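Structural overview
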Amino acid sequence: MFKEALPQMMSPVVRKRVTSQPAMSPQSCRKTKSKLTGIGRRKKNATPDLARSGSPENPRVPFSFQEDPRHLQIREQYVIESFSEEVFSEMLNYLLAGSCAIQPSTVVGLACAAECYEVEELKQACFERLLECLTTSTICGILSQLEKYLSYSAAKTMVVQSLEFVDSHAADILCSPDFLRLSEHMVHLVMHRDMGTEVPELVKVNAAFAWGKLNAKPEREGQDFRSLVTPLVKQVRLHLIDPQDIMKILAPSGIFDPEKLMAALAYQVDPQSVEVDDFTMFRPRKKSTVLSSR
């Protein structure tokens, strides 16, 4: 009954097409099935044919495969070596969303990236944020970041701000384990700051000795302990160090000139006997009993 009503439900055009198709015999059905099966086999075996017909570098690919975006492959990759993935990701966040997170680990890189891509608002925000990020636990990490970006003017400005923080927190920074991981260049910048009398001179000496022991490479020329430490302690005011520390720590190290050590001891006995010029430039003013006894 449904078969009889079906033609009546069709439109005239569809009815004409359906009724005009000849009925398929079982033999034709088998032939059609075998043809379809053969097509499937040819598609299965099509990969070697395509590989043979194309070059090894650029094999032929079916058109439908090329057009499907799911199968598209990126042939070239661009690496931005100037900035880390974390820094560049936050930079994109700012450009796309108008905000980003400025952390102590990214403040320097973001400022330099903002300078590179001319995003003035972000650079100024990093300058302001730097003052909040500077602590005794983060200053050494920030100094290490600054060394990587010294070609940028933003980094040079941040170096000045960071070293000003060092001046007021030098005692804690020199005793920090992070200080030992600073590069030679940054250690020189820190050690040559005018720290006043708030930082004991022996603290400077111990910091220089500890850094030298950790970073010395005796197998390399100019990287042995003596070569690394000697420039760091040139500005140590020897006459302000306790005589017992001079004899037990400084003298056995072999880093300091024995004549200067004796002059420092003489100054502590009789300040008028030795002329003090700035830090360690001692010049005997007159023959003293201490110096003449040598």
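Here we summarise the structure given alongside this text. Bear in mind that the values here come from a model prediction, so they are computed numbers and not experimental data. (Residues numbered from 1 in each chain as written. Predicted model: local features only at pLDDT ≥ 70, side-chain atom pairs only at ≥ 80, totals over all residues. Heavy atoms only, no water.)

A word on the pattern of salt bridges. Taken as a whole and judged by the stated rule, the model has 6 salt bridges. Note that E132 is salt-bridged to R129, the shortest N-O span being 2.9 Å. One end of the pair, E132, and the other, R129, are both in helix α8 (residues 120-133), 3 residues apart, so they sit about a helical turn from each other. For E132, a relative accessible area of 57% puts it in the exposed group. Using a relative accessible area of 27% as the deciding quantity, one classes R129 as partly exposed. Here E201 and R237 are joined by a salt bridge, their closest N and O atoms 3.1 Å apart. Remark: R237 occurs in the loop between α14 (225-229) and α15 (243-253) and E201 occurs in helix α13 (residues 201-215); sequence separation between them is 36 residues. Owing to a relative accessible area of 5%, E201 belongs among the buried residues under this scheme. Because the salt bridges share partners, they merge into one network encompassing E201, K204 and R237. (Salt bridge = Lys/Arg side-chain N within 4 Å of Asp/Glu carboxyl O. Helix = DSSP H or I, 4+ residues; strand = E, 2+ residues; numbered from the N terminus. Buried < 20%, exposed > 50% of the residue type's maximum accessible area, 1.4 Å probe, protein only.)

With a side-chain oxygen positioned 2.9 Å from the backbone nitrogen of Q244, the residue opening α15 is D242. Following α15 by one or two positions, G254 adopts a phi angle in the positive range, close to 75 degrees. (Polar contact = N/O pair within 3.5 Å; in protein donor to acceptor, adjacent residues only side chain to side chain.)

So, about α13. Think of an α-helix as 3.6 residues a turn; residues three or four steps apart then line up on the same face. The end-to-end C-alpha distance of α13 is 21 Å, a good match for the 21 Å that 15 residues give at a rise of 1.5 Å each. Check the buried side of α13 and you find it contacts α11 (170-174), α12 (184-191), α14 and α15. (Expected span 1.5 Å × (residues − 1). Contact = heavy atoms within 4.5 Å.)

This brings us to the environment of V166. Relative to the helices and strands, V166 is located in helix α10 (residues 153-168). On the basis of relative accessibility, which here comes to 1%, the residue V166 falls in the buried class. The spacing of V166 and M195 is 29 residues in sequence and 8.5 Å in space, taken between C-alpha atoms. Not counting chain neighbours up to four residues away, the residues in contact with V166 comprise I139, I173 and V190.

Let us look at the packing of aromatic side chains. Scanning all chains against the criterion turns up 6 aromatic pairs. Between F83 and Y117 the ring centres are 6.3 Å apart and the planes differ by 50 degrees, which places this aromatic pair in the tilted class. In this pair, F83 is assigned in the loop between α5 (63-67) and α6 (85-97) and Y117 in the loop between α7 (107-116) and α8, connecting sequence segments 34 residues apart. Residue Y117 is classed as partly exposed on the basis of its relative accessible area of 38%. (Phe/Tyr/Trp six-rings, centres within 6.5 Å; stacked < 30°, edge-to-face > 60°.)

Turning our eyes to something else, we now look at a nonpolar patch on the surface. Together, L92, L95 and L96 make up a nonpolar patch on the protein surface, roughly 320 Å² of accessible area in all. Here L92 is to be found in helix α6. Among the residues examined, L92 registers a relative accessible area of 35% and is labelled partly exposed. (Patch = residues over 30% accessible without salt bridge, like charges linked within 9 Å, V, L, I, M, F, W, Y side chains within 5 Å. Areas by Shrake-Rupley, 256 points an atom, 1.4 Å probe, with all protein chains shown as cover.)

Now for the packing of α15 against helix α16 (residues 258-269). The interhelical angle for the contact between α15 and α16, taken along N-to-C directions, is 170 degrees, at an axis separation of 10 Å. Overall, the two elements α15 and α16 adopt an arrangement that is roughly antiparallel. Residues P243, I246, M247, L250 and A251 of α15 form the contact with α16, whose participating residues are L261, A264, L265 and Q268. A per-class count over the contact of α15 with α16 returns 8 nonpolar, 1 polar and no charged. (Axes fitted to C-alpha atoms, helices over the stretch in contact; angles between N-to-C directions. Parallel < 35°, antiparallel > 145°, perpendicular 65-115°, else oblique. Nonpolar A, V, L, I, M, F, W, Y, C, P; charged D, E, K, R; others polar.)

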